[in-house]
Amino acid sequence: MGKQIVLLILLSFAVRNGKAQSIEYSYRINTLHAVINSKFKDNQTGLYYETNEGDKKHSYLWPLCALIQATNEMEALTPKARYMLPVENAINQYLNNAPPVPGYQATVTRERADARFFDDNQWIAIAYLDAYNRTHEKKYLDKSEMICRFMLTGLDTVAGGGFYWKEGDRQTKNTCSNGPGVLVLLQLYKITHKAEYLRTALSVYQWTNARLQALDGVYYDNIKLPSLKVGKAAYTYNTGTMLQANVLLYDITKDKKYLSEAQRVAKAGFEHFFKNGRLPNGNYWFNAVMLRGYVALYKVDKDEQWIDFFRKDADAVWDNERDTDNMLGPKPAKKLLDQAAMLEIYATLQKFKN
């Protein structure tokens, strides 16, 4: 009888603790979303500002790549809400219809002409494909296929294959344009069953592993052309996209070699990046992208260690890197990119508590 009472007490504590954490994540999500709309939104144009500083410069596309994924995760928590729509309307203002095919440029199109980065476009497609899988709204698939056509203009056989990072710039091929490129192709294959998507994804996946993966399993930043010198900086998001690619390939092919590789990369990512109870805090968004890969793996092997260290880091950000206006960031000037990244992380972690 005594053991039963102790067990009930422990169970009650665990339930209360889980509920408390769930409430805490909900508070952080709602607070950050309100902060973004009050401090970073230009209500006259529907655009967003890069930082909270006084110059009120409209954001580059990159922070909106973070915000569109964050609002997608919010809608997954509250399916009847339309958190994505204002961000979609802002992103539409970056569309550049220049030949050979349309794609989104780095700055607002009516403000000035600018470069089109393949990775910026890929991050948007990833969010739209997630939204399509959740809602089956055709606009998300149409825009993703448009982005795919654009990104394929950046693929060639120089150095054996791979996507360039930036349209018209043939100096580097980066993991940050190849990892997400594989994800776009694999997701499109799962939806459309077009064999060419899978063939191209496998080709880019194999090239990225051959050219840009370190021996321990994490990924380097880029390969420079024509020297073929590898830029050996390692960032969390590059490991995250390739981790997620392995999980998707396992899901598609059922070949256990991809699951084994996903687990190897996940272990390497944890050991390489999680130091003294923290992930690198120079860019929260890199960590948000890495979390996507670990979530994908958790859904297959149910190993909660893949999520636990993200919880620890996310709590440390809120406790130690938040100002009096509830804006997040390690420096005094706060960035839209950082707010959106942590919004995505808290929304993702909330799904686990639910």
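Think of each chain on its own: its residues are numbered from 1, step by step along the sequence as written. Residue-level local features of this predicted model are given only where pLDDT is at least 70; pairs of side-chain atoms are given and counted only at 80 or more, and the full residue set underlies all totals for whole chains, interfaces and linings. Each side-chain value is worked out from all heavy atoms of the structure, with water and hydrogens disregarded.

(A) View of the nonpolar core. Counting 110 residues, the largest nonpolar core has Leu64, Leu67, Ile91, Trp285, Met342 and Tyr346 as the members making the most contacts within it. Helix and strand definitions here come from DSSP, where helices need a minimum of 4 consecutive H or I residues and strands a minimum of 2 consecutive E residues; each element is numbered from the N-terminal end. Here the element with the most residues in this core is helix α10 (residues 284–301); it accounts for twelve residues. What Leu64 contacts, discounting residues up to four positions off in sequence, is Tyr48, Ser59, Val87, Ala90, Ile91, Tyr94 and Leu336. Throughout, nonpolar core names a set of buried Ala, Val, Leu, Ile, Met, Phe, Trp, Tyr and Cys residues whose side chains join them through atoms within 4.5 Å. Summary of the burial criterion: residues with accessible area below 20% of their type's maximum are buried, those above 50% are exposed, and those between are partly exposed, where the area comes from a 1.4 Å probe applied to protein chains only. A contact between two residues is defined here by any heavy atoms of the two lying within 4.5 Å.

(B) Spatial organisation of unusual backbone geometry. Here Pro99 and Pro100 are connected by a cis peptide whose omega angle stands at 10°. Considering the arrangement of structural elements, one finds Pro100 in the loop between β3 (95–96) and β4 (103–104). Cis geometry marks the peptide bond from Leu225 to Pro226, where omega comes out at 5°. Along the polypeptide, Pro226 turns up in the loop between β6 (220–224) and β7 (230–234). For His136, which is not a glycine, the phi torsion comes out positive at approximately 65°. With respect to the helices, strands and loops of the structure, His136 is situated in the loop between α4 (118–135) and α5 (138–152). By relative accessible area, which is 57% here, His136 ends up exposed.

(C) Local environment of the pattern of salt bridges. Within this document, salt bridges are pairs made up of a side-chain nitrogen of Lys or Arg and a carboxyl oxygen of Asp or Glu, the two lying within 4 Å of each other. Taken as a whole and assessed by the stated rule, the structure comprises 23 salt bridges. Between Glu344 and Arg292 there is a salt bridge, with its nearest N and O atoms 2.8 Å apart. Of this pair, Glu344 sits in helix α12 (residues 336–353) while Arg292 is found in helix α10, placing the two residues 52 residues apart along the sequence. Arg292 carries the same exposure label as Glu344, and that label is buried. The partner of Arg311 in a salt bridge is Asp308, with the nearest N and O atoms 2.5 Å apart. Taken together, the residues span about one helical turn, with Arg311 and Asp308 both in helix α11 (residues 305–320) at a distance of three residues. Judged by relative accessible area, which is 12%, Arg311 ranks as buried. For Asp308, a relative accessible area of 31% gives the class partly exposed. Shared partners join several salt bridges into a network, and the residues in it are Arg82, Glu88, Glu137 and Lys139.

(D) How the structure looks around the environment of Asn209. Tracing the chain through its elements places Asn209 in helix α7 (residues 195–212). Overall, Asn209 belongs to the buried group, its relative accessible area being 18%. With residues up to four places along the chain from it excluded, the contact list for Asn209 reads Tyr219 and Met242.

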